[in-house]
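Here are the chains, one letter per residue:
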There are 2 protein chains.
Amino acid sequence: MSLRHAMLGLLADKPASGYDLMKLFETSLANVWPANQSQVYGELARLAGSGLVEVSAEGPRGRKEYALTDQGLTELRHWLTEVEPARNRRSDAVLRVFFLGVLTPVEAAAYLAREEARAAQQLATLKGLEASIDWDDDPLSVNGRLALEFGLRFSAMYGEWARWATEQIQPGAPAPETGS
Amino acid sequence: MSLRHAMLGLLADKPASGYDLMKLFETSLANVWPANQSQVYGELARLAGSGLVEVSAEGPRGRKEYALTDQGLTELRHWLTEVEPARNRRSDAVLRVFFLGVLTPVEAAAYLAREEARAAQQLATLKGLEASIDWDDDPLSVNGRLALEFGLRFSAMYGEWARWATEQIQPGAPAPETGS
DNA sequence: GTTGACATGTAATTGGTTACATGATTAG
DNA sequence: CTAATCATGTAACCAATTACATGTCAAC
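Residues numbered from 1 in each chain as written. Chains lettered and ligands numbered in written order. Predicted model: local features only at pLDDT ≥ 70, side-chain atom pairs only at ≥ 80, totals over all residues. Heavy atoms only, no water.

## Comments concerning the protein's contact with DNA strand D
As a reminder, the rule being used: If a single non-hydrogen atom of a residue is within 4 Å of a molecule or strand, that residue counts as near it. In protein, a polar contact means a hydrogen-donor-capable atom and an acceptor-capable atom, both N or O and within 3.5 Å, with residues adjacent in sequence counting only if both atoms are side-chain atoms; elsewhere, any N or O pair within 3.5 Å suffices. Each helix is a run of H or I in the DSSP string that is no shorter than four residues. Each strand is a run of E no shorter than two, and both are numbered from the N terminus. Residue polarity follows a fixed list, in which Ala, Val, Leu, Ile, Met, Phe, Trp, Tyr, Cys and Pro are nonpolar, Asp, Glu, Lys and Arg are charged, and the others, Gly among them, are polar.
By nearness alone, 20 residues border DNA strand D, and Asn36(A), Ser38(A), Gln37(B), Tyr41(B) and Lys64(B) come closest of all. A share of 62% of the atoms of DNA strand D within 4 Å of the protein falls on sugar and phosphate groups. Gln37(B) places a polar side-chain atom, nitrogen or oxygen, 2.7 Å from a base oxygen of DNA strand D. Arg61(B) is positioned such that a nitrogen or oxygen atom in its side chain is 3.4 Å from a sugar or linking oxygen of DNA strand D. At the level of secondary structure, the elements contributing two or more residues to the surface near DNA strand D comprise helix H3 (37–49) of chain A together with helix H2 (18–29) and helix H3 (37–49) of chain B. Residues that form the surface near DNA strand D fall into these classes: 6 nonpolar, 9 polar and 5 charged.

## So, helix H1 (residues 2–13) of chain A
All names here are of chain A. Cut-off, in case you're wondering: Multiplying 1.5 Å by the helix residue count minus one yields the expected span of that helix. For the exposure calls, accessible area comes from a 1.4 Å probe over protein chains only, and a residue counts as buried if that area is under 20% of its type's maximum, exposed if over 50%, partly exposed in between.
Spanning 12 residues, H1 covers 17 Å between terminal C-alpha atoms, matching the ideal 16 Å at 1.5 Å per step. For H1, the buried fraction is high: 10 of the 12 residues fall into the buried class. Turning to H1, its buried residues are Ser2, Leu3, Arg4, His5, Ala6, Met7, Leu8, Gly9, Leu10 and Leu11.

## Topic: the pairing of strand S3 (residues 64–68) of chain A
All names here are of chain A. Applicable threshold: The pairing criterion for strands is at least two bridges between them, as found by DSSP.
Across 2 bridges, the pairing between strand S1 (residues 16–17) and S3 is antiparallel. Bridging across to S3, Ser17 finds its partner in Glu65. Here 5 bridges tie strand S2 (residues 53–58) to S3, and the two strands are oriented antiparallel to one another. Counted as the bridge partner of Glu54 is Ala67 from S3. Count of turn residues in the S2/S3 antiparallel hairpin: 5 residues, of which Arg61 carries a positive phi of about 55 degrees.

## Some thoughts on the domain arrangement of chain A
All names here are of chain A. Threshold: As used throughout, domain bounds are those supplied by an automatic or database domain assignment. Here, two residues are considered to be in contact whenever any of their heavy atoms come within 4.5 Å of each other. Salt-bridge detection follows one rule: a side-chain nitrogen of Lys or Arg within 4 Å of a carboxyl oxygen of Asp or Glu.
You can read the domains of chain A as domain 1 (2–82) and domain 2 (92–169). Taking the mean C-alpha position of each, domain 1 and domain 2 sit 30 Å from one another. Taken together, the contacts link 4 residues of domain 1 with 6 residues of domain 2. There are 0 salt bridges connecting domain 1 and domain 2. Here the residues of the side of domain 1 that touches domain 2 sort into 1 nonpolar, 2 polar and 1 charged.

## Concerning the relation of the copies chain B and chain A
For clarity, the cut-off: Copy-to-copy alignment: least squares on C-alpha atoms, limited to residues at pLDDT 70 or above in both.
In screw terms, the move from chain B to chain A is a rotation of 180 degrees and a rise of 0.0 Å along the axis, fitting with an RMSD of 0.1 Å. Here the copies are linked by what is in effect a two-fold axis. A share of 100% of the interface residues of chain B reappears at the interface of chain A, consistent with the copies meeting face to face through the same patch.

## Let's talk about the protein's contact with DNA strand C
DNA strand C sits among 19 residues. The nearest are Gln37(A), Tyr41(A), Lys64(A), Asn36(B) and Ser38(B). In DNA strand C, atoms within 4 Å of the protein come from the sugar-phosphate backbone in 63% of cases. In the environment of DNA strand C, a phosphate oxygen lies 3.5 Å from a nitrogen or oxygen atom belonging to the backbone of Gly18(A). In this structure, Ser38(A) approaches DNA strand C through a side-chain N or O atom, which is 2.9 Å from a base oxygen. Broken down by secondary-structure element, the contributors of at least two residues to the surface near DNA strand C are helix H2 (18–29) and H3 of chain A together with H3 of chain B.

Rendered as structure tokens:
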């Protein structure tokens with residue numbers, strides 16, 4: 001149940017409404033744990049029901065601002081220190097590699113070349129993100145940088161692997177152009 | 001719907017029963033697309049219903065062996081060449097990094113050190129796998145090696161990142177021991 | 001006054017996990 | 001004869017996605 005803890009984690013920084021949390025998911029957690037509007041509102045209600053968060057203020061348009069309770073902070077710390085992270089092992093893109101044998105070598109190489117291009121594109125996007133964010137020194141921002149670095153390293157690794165794999169299935173063939 | 005295509009992919013190599021597929025998921029696809037018994041039998045029935053696979057033989061204990069149909073192969077090839085892979089972006093372990101600010105620096109460093117150790121352990125497991133498998137030259141085996149290489153590179157990258165991140169949050173501290 | 005952002009909620013569906021339930025065949 | 005493996009299925013539940021539904025407030 002990472003969604004629940006992601007929300008507690010965001011609220012640990014400062015109180016927020018469901019709408020605020022939604023925006024935070026979009027802008028900072030999108031690459032590690034996407035969540036949508038339905039999920040956020042639903043979980044927020046459940047969290048309030050179990051006393052991990054509470055309504056700390058009400059505003060215009062029915063806005064309800066939630067704050068982490070002591071119990072919520074305890075639960076968050078417990079999760080971070082005692083609960084073994086779930087290993088999210090699924091990867092559609094790597095799964096496909098197992099089955100490249102049903103394609104012609106040219107088609108298989110094209111698949112890997114597209115993945116390499118995708119990785120390069122993702123790397124560029126993340127570098128853009130890194131440059132555009134105003135990295136202040138609140139904890140979420142500091143640690144967000146660590147997570148972003150993971151994304152940068154992952155994209156680089158993935159691109160290199162895809163290039164290597166292309167070479168493996170087309171021994172001796174010249175490396176294909178990766179631009180458009 | 002990667003499960004469906006993973007099953008078609010396995011059946012493209014050779015006909016198999018639900019039980020066989022289950023074992024194949026455990027032994028070869030577990031690290032990229034785990035699936036359990038309920039899922040396999042349910043999907044197999046649906047696949048047969050839509051004509052992508054068919055019962056090719058029956059055996060003892062109610063065993064039903066399924067084979068890929070022409071339609072199934074077409075669908076598999078379509079998926080591999082035309083359908084953009086889903087990007088599976090969720091990572092519980094990296095999500096947690098955003099929230100390390102609620103822990104003491106020592107606790108946060110301990111989290112990252114445990115992740116580094118986990119990566120090292122995973123790397124060792126995969127190297128063991130690589131050594132133990134008899135890599136014949138059927139397509140599933142050849143391409144399985146490419147996927148395994150991805151796992152090796154991922155584990156190495158993840159361990160290095162975790163070590164780097166530990167250093168970031170404890171500037172100047174000596175690198176912790178990672179062995180047992 | 002109308003458009004866009006703010007703001008909250010519910011319903012239906014899909015995909016995955018866990019647990020339940022049963023039985024046949026083979027090897028020792 | 002008995003334990004392990006082979007073999008198939010169903011039911012309940014949980015998490016996530018998509019779509020539906022509604023209404024307020026501020027800026028132009």
